[in-house]
Amino acid sequence: MSTRESLRVELGPRSYEIIVGNGVIGEAGALIAPVIRQPRAVIVTDETVARLHLPRLEASLDAAAIAHQSIVLPPGEATKDFVHFAKLCEDILALGIERGTPLIALGGGVVGDLAGFAAATLLRGLDYVQVPTTLLAQVDSSVGGKTAIDSAHGKNLVGAFHQPVLVLADIDTLATLPRRELLAGYAEVVKYGLIRDRGFYDWLEEAGPALIAGDGAARRRAVRESCAAKAAVVAVDERETGERQLLNFGHTFGHALEAETGFGDALLHGEAVALGMRLAFDLSARLGLCPPESAARVRRHFNSVGLPVTLDEVANRRGFDPDALLLHMAKDKKVRDGRIALILARDIGAAYVSREVPEATLRAFLAAEAGTAKALASPSPGG
Ligand SMILES: NC(=O)c1ccc[n+]([C@@H]2O[C@H](COP(=O)([O-])OP(=O)(O)OC[C@H]3O[C@@H](n4cnc5c(N)ncnc54)[C@H](O)[C@@H]3O)[C@@H](O)[C@H]2O)c1
């Protein structure tokens, strides 16, 4: 049965609907038909998602008389590179597409970012539909039009803002998602509460464990409220010059940790964001900006659902070099005039952008955190 709710990203002529619910892929053809310019589409997906969810999408396109061809990529972040991007573009062009041929990105953030960037550039811009199948993609990457691939110099450094024409978030796809991936996406859900919605965070403290265990109503509400929060921010700051920066809460620390762990399985993006948010709260508390009890609450919640909270829970307990982390943070896209932009918190639901933290303070903080990791990583005397 389909239960669906519709939200709108208001961006003038680039406005679009986000449809959230169960069974949405089964109705994708009918939902997509009104927003596309020809009864034909190219689906981009990955091998894992193709196996689990592509047949339902294909059947619904068939039912709506939308012709379709599929391109199936290897799963994983490594696919978001220049080599795969070039091949994807050539494969799509080989299908003889026209300007009016839409792409459909069926998958997680990797597929969405890659197909979105292909849509932004092929024939100087194709329409595309996001059909996100991970929690992270449903609550974050499919909405807002950021598309990108990775470079040898870092993640997401080559990309474009290109809004989709429709987002279809089918909650049922989360049933096949590995728990670790689900948890990583959950970190981005919590982010919306932590940055500007204390009531939502309070609810997540209650409902989070059930949501993770599979409660459909809780999943729907979490995806709907996260999309609404992101849509509101994107509507006022599409190109991330102001308010949208808050969505990077936890990401400056997180990216540095991901860079140090090689952007792979050692630390998933959402896990890095969870750690980054915990670090941001503790730094805020240490600087006297935020009540220590609020920072402790965040740590307790992450602990209760199984998200990492200390640096030694990742990277095989090998510890981190604070200077290396600082270097990554300084290379981050959010650096302006040499000052690192950190999103700090005055409390739960009250995040803000700060360029005021002196580098020495940040180094000492990271050294203390990394020191904990090293102390725990070294063998105990006589052990
Ligand atoms: N554009 C943005 O605004 C934005 C925001 C956040 C993250 N991102 C990007 O998103 C990417 C991470 O996205 P992700 O976490 O979705 O990773 P992902 O796309 O790699 O998906 C994670 C894994 O889950 C598998 N998978 C996907 N859906 C599944 C399902 N329903 N059942 C079973 N397995 C499934 C995939 O095959 C993959 O192996 C990163 O590249 C990150 O940079 C982009």
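Every value quoted in this text rests on a predicted model; they were computed, and no experiment measured them.

**Details of the packing of helix H9 (residues 251-261) against helix H12 (residues 322-331)**
Interaxial distance between H9 and H12 falls to 8 Å at its minimum, and their mutual angle equals 120°. The angle between H9 and H12 falls in the class oblique. Both H9 and H12 take part in a crossing whose hand is right-handed. Between H9, through Thr-252, Phe-253, Ala-256, Leu-257, Ala-259 and Glu-260, and H12, the contact on the second element is made entirely by Ala-324, Leu-325, His-328 and Met-329. Among the residues forming the contact of H9 with H12, the class breakdown is seven nonpolar, two polar and one charged.

**What about the site of the ligand?**
Residues in contact with the ligand amount to 27 residues; listed here are only the nearest, Asp-46, Glu-77, Gly-109, Thr-134 and Thr-176. The backbone of Gly-109 places a nitrogen or oxygen atom 2.8 Å from an oxygen atom of the ligand. Take Thr-176: an N or O atom from its side chain is 2.7 Å from a nitrogen atom of the ligand. A total of 870 Å² of accessible area belongs to the ligand in isolation, and the protein chains cover 89% of it. For the shell around the ligand, the elements supplying multiple residues, two or more each, are helix H2 (47-63), helix H4 (109-121), helix H5 (135-141) and strand S8 (154-161). No other element matches the four residues that H2 contributes to the shell around the ligand.

**What about the environment of Ile-97?**
With respect to the secondary-structure elements, Ile-97 resides in the loop between helix H3 (82-94) and strand S5 (103-107). Residue classification places Ile-97 among the buried residues on the basis of a relative accessible area of 10%. When the C-alpha atoms of Ile-97 and Val-273 are compared, they prove to be 38 Å apart, with 176 residues separating the residues in sequence. Among all residues touching Ile-97, those that are not within four sequence positions of it are Arg-40, Val-42, Ile-92, Leu-123 and Leu-126.

**Overview of H2**
Compared with an ideal rise of 1.5 Å per residue, which puts 17 residues at 24 Å, H2 spans 23 Å between its outermost C-alpha atoms and is within 8% of the ideal. At His-53, H2 shows its maximal bend, which comes to roughly 60°, and the proline Pro-55 appears one to four places after that position. Among the residues of H2, Val-49, Ala-50, His-53, Leu-54, Leu-57, Ser-60 and Leu-61 are the ones counted as buried. Where the residues of H2 are buried, they touch helix H1 (28-32), strand S3 (40-46), strand S4 (67-73) and S5. With a side-chain oxygen positioned 3.1 Å from the backbone nitrogen of Thr-48, the residue opening H2 is Asp-46. Taken from the residues just after H2, Ala-65 is the one with a positive phi, measuring 60°.

**Things to note about the pattern of salt bridges**
Tallied over the full model, the rule gives 29 salt bridges. Put simply, Arg-363 and Asp-323 hold a salt bridge, and the shortest N to O gap is 2.6 Å. On the criterion of sequence distance, the pair formed by Arg-363 in helix H13 (residues 359-377) and Asp-323 in helix H12 is long-range, its members being 40 residues apart. Exposure remark for Asp-323: the relative accessible area of 39% places this residue in the partly exposed category.

**Here we look at the nonpolar core**
One broad trend across soluble globular proteins is that nonpolar side chains are buried collectively. Among the nonpolar cores identified, the biggest contains 81 residues, and Tyr-186, Leu-194, Phe-253 and Leu-362 are the most heavily contacted of them. A total of 10 residues in this core trace back to one element, the largest contributor, which is helix H10 (residues 269-286). Ignoring anything within four residues of it in the chain, the contact list for Phe-253 reads Gly-276, Leu-279, Ala-280, Leu-283, Met-329, Leu-342, Leu-362, Phe-365 and Leu-366. One finds Val-42, Ile-71, Val-111 and Leu-122 within the second-largest nonpolar core, a separate group that totals 22 residues.

Reading the values: the criteria
Residues numbered from 1 in each chain as written. Predicted model: local features only at pLDDT ≥ 70, side-chain atom pairs only at ≥ 80, totals over all residues. Heavy atoms only, no water. Axes fitted to C-alpha atoms, helices over the stretch in contact; angles between N-to-C directions. Helix = DSSP H or I, 4+ residues; strand = E, 2+ residues; numbered from the N terminus. Parallel < 35°, antiparallel > 145°, perpendicular 65-115°, else oblique. Left-handed = near helix turned anticlockwise from the far one by under 90°. Contact = heavy atoms within 4.5 Å. Nonpolar A, V, L, I, M, F, W, Y, C, P; charged D, E, K, R; others polar. Near = heavy atom within 4 Å. Polar contact = N/O pair within 3.5 Å; in protein donor to acceptor, adjacent residues only side chain to side chain. Areas by Shrake-Rupley, 256 points an atom, 1.4 Å probe, with all protein chains shown as cover. Buried < 20%, exposed > 50% of the residue type's maximum accessible area, 1.4 Å probe, protein only. Expected span 1.5 Å × (residues − 1). Bend = angle between axes of the 7 residues up to and from the residue. Salt bridge = Lys/Arg side-chain N within 4 Å of Asp/Glu carboxyl O. Core = buried A, V, L, I, M, F, W, Y, C linked by side-chain atoms within 4.5 Å.

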